[in-house]
Amino acid sequence: MGRASSKEDAGALFHSLRSAYAATPLNLKIIDLYVGFSIFTALIQVVYMAIVGSFPFNSFLSGVLSCVGTAVLAVCLRIQVNKENKEFKDLPPERAFADFVLCNLVLHLVIMNFLG
Amino acid sequence: MRKFWVIFVASILILLPFLCNSFSPDNPTDRRVLVLLDDFAIKSSHSSYFNSLKSRGFDLDFKLADDPKIALQRYGQYLYDALILFCPSIERFGGSIDVAAIIDFVDSGHDLVIAADVNASDLIRDVATECGVDFDEDPSAMVIDHTGYSVSETEGDHTLIASDDFIKSDVILGSKKITAPVLFQGIGHSLNPVNSLVLKVLSASPSAYSANPKSKLSTPPSLTGSAISLVSVVQARNNARILISGSLSMFSNRFFRSGVQKAGSTTKHEKSGNEQFLTELSKWVFHERGHLKAVNVKHHKVGETNEPALYRINDELVYSVEVYEWSGSSWEPYVADDVQVQFYMMSPYVLKTLSNDKKGLYSASFKVPDVYGVFQFKVEYQKLGYTSLSLAKQIPVRPYRHNEYERFIPTAYPYYGAAFSTMAGFFIFSFVHLYNK
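An account of the accompanying structure is given in this report. (Residues numbered from 1 in each chain as written. Chains lettered and ligands numbered in written order. Predicted model: local features only at pLDDT ≥ 70, side-chain atom pairs only at ≥ 80, totals over all residues. Heavy atoms only, no water.)

Along the backbone of chain A there are four helices and zero strands. Ordering the α and β elements of chain A from the N terminus gives α-α-α-α. Taking 2.2 N^0.38 as the reference for a compact globule, 116 residues should give roughly 13 Å; the C-alpha atoms of chain A span a radius of gyration of 19 Å, well beyond that estimate. The principal-axis extent of the C-alpha atoms belonging to chain A is close to 60 × 45 × 20 Å. Expressed as a percentage of its 116 residues, the buried residues of chain A come to 30%. Long-range pairs, those at least 24 residues apart, make up 67% of the contacts in chain A between residues at least 6 apart in sequence. In the form shown here, chain A has an accessible surface area of approximately 7,600 Å², with 71% of it arising from carbon and sulfur atoms. (Helix = DSSP H or I, 4+ residues; strand = E, 2+ residues; numbered from the N terminus. Rg over C-alpha atoms; globule rule 2.2 N^0.38 Å. Buried < 20%, exposed > 50% of the residue type's maximum accessible area, 1.4 Å probe, protein only. Contact = heavy atoms within 4.5 Å. Areas by Shrake-Rupley, 256 points an atom, 1.4 Å probe, with all protein chains shown as cover.)

Shown next, in the form of structure tokens:
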């Protein structure tokens, strides 16, 4: 009885998550897609390093940092742009986007330098 | 008249420096030889040997060993290039010569020939001991061999022995094989096995021993067998050469001309091997043979000709040196396949055999090891009978400069790709985000 109900609960949870997610606005979904892409790239690099070894360690760090950094900045953008978020109600979304672009530029400057 | 004599003497004195010729690095064969004798009868009884030396261009100066006017050097300059001591019974040299003077003479690069005999004096024994050779302590002991003696009509005491146990070296004994045994009658000596500079040229047979032939043996003899050396040579580290023989009569005309038959063998040789043996040996001792010089050490990177001041690790370089051998009258190219060069810093990192082009040019090319520091190109060549070559040339080796590494590391291509794809993704995303309605 308990096991069957936990399975049912997991299934119900999954379905409710999916339907709730479907209701999010499109721009947030695009940001989520971008975050997912950059995390996926980071994971590929980690797997590659596990296979080949960490010889140019600075290049590895630089590659992973670019993915993780841009993911973090995209998450920040999503937080600031989300209309349901009461904390950033007065922040214009253009300001959030400008911050995002500026931070990304600095991030990519740093990783180009550190890439070797 | 007086003025004429003054001018004559002055002109002679001016020309004197040009008249004296001695051995020099360009012409290593000795020229002036001082021969010290016990008495002048030796000069005639050993005339064959002296004539063979004279015919090869040596300037022999015969003096009695206790002549008070003999001197090896005057005003700091040596008067002779080589010294022959045919005076086994001299107790004290005349003039300014003594053991220390003789050793200084050898230490300054000059050659020495010592012939001892039975009842050799302590002085001669001292000189020989300084050179690395120990004669038998018993002054009246001679080398006796009951199975290797020379057969003669009278039944002797077997002190006249015939030996054919030569050192195997074409440089020292000449390329022609000595077929007849060498007659020897005298004292034997032994060499310290630790000493690497002294060589046994003529050894006694395993049945020989050193004892007094006139008295009965009370104790077993100390020197026996092949450990007894009849004739030895020493090549010092400054390339001075010393010949030490235990028999003066070995050099005499009588031994040169006599036939020899070794006991136990049926061949009777018409002429003993003494003349050939001693002539060839004298050629070696007086630097007519086996004298090497190494010149023109060069090194450069492969493909260039100038000599750089320092190398980088993993450079390809070429090292070359020219080695010549003195033939008695001119420098001939030395041909051998065992000259090696080391690239040395505390221990040899690279050891390569140099290949020669048969004209005396030895070269090798190798890669600088992956270690940086101050290295030396070292050539240490010591071959039996030849002068030793010792060359060293210092050269620093530096690591890579920061711009001599490869620009893009192939294993890091995925990371480069990831960074650029992130930038492209960011660019596309920003467009999509802005223009999305």
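Once you've had a look at it, read on.
The next subject is the pattern of salt bridges. A side chain of one charge can pair with a side chain of the opposite charge if their charged atoms are brought near each other. Residue and element names in this part refer to chain B. This structure, assessed with the given rule, holds 16 salt bridges over all chains. The shortest N-O distance in the salt bridge between Lys283 and Glu280 comes to 3.7 Å. You can see Lys283 and its partner Glu280 sitting in helix 8 (residues 274–285), three residues apart, about one turn around the helix. Here Glu280 falls in the buried class, since its relative accessible area comes to 16%. Here Lys301 and Asp315 are joined by a salt bridge, their closest N and O atoms 3.5 Å apart. Here Lys301, found in strand 17 (residues 291–301), pairs with Asp315, found in the loop between strand 18 (311–312) and strand 19 (316–326); they are 14 residues apart in sequence, far enough to count as distant. The buried category is assigned to Asp315, whose relative accessible area is 7%. (Salt bridge = Lys/Arg side-chain N within 4 Å of Asp/Glu carboxyl O.)

At the junction of the two partners, chain A supplies 31 residues and chain B supplies 21 residues. For the chain A and chain B pair, buried surface summed over both sides reaches about 2,300 Å², with 78% attributable to carbon and sulfur atoms. On the chain A side of the interface with chain B, the three residues burying the most area are Tyr34(A), Tyr48(A) and Phe97(A), jointly 23% of the side's total. Along the contact surface separating chain A from chain B lie zero salt bridges. Linking chain A with chain B are three residue pairs in polar contact (both at pLDDT 80 or more), by the criterion used here. (Buried area = accessible area lost by both parts, 1.4 Å probe. Polar contact = N/O pair within 3.5 Å; in protein donor to acceptor, adjacent residues only side chain to side chain.)

Time to look at the packing of helix 2 (residues 26–52) of chain A against helix 3 (residues 57–81) of chain A. Residues and elements named next belong to chain A. Interaxial distance between helix 2 and helix 3 falls to 9 Å at its minimum, and their mutual angle equals 165°. Comparing their axes, helix 3 and helix 2 come out roughly antiparallel. Viewed along their axes, helix 2 and helix 3 form a crossing whose handedness is left-handed. Its residues placed into classes, the contact of helix 2 with helix 3 shows 18 nonpolar, six polar and two charged. (Axes fitted to C-alpha atoms, helices over the stretch in contact; angles between N-to-C directions. Parallel < 35°, antiparallel > 145°, perpendicular 65-115°, else oblique. Left-handed = near helix turned anticlockwise from the far one by under 90°. Nonpolar A, V, L, I, M, F, W, Y, C, P; charged D, E, K, R; others polar.)

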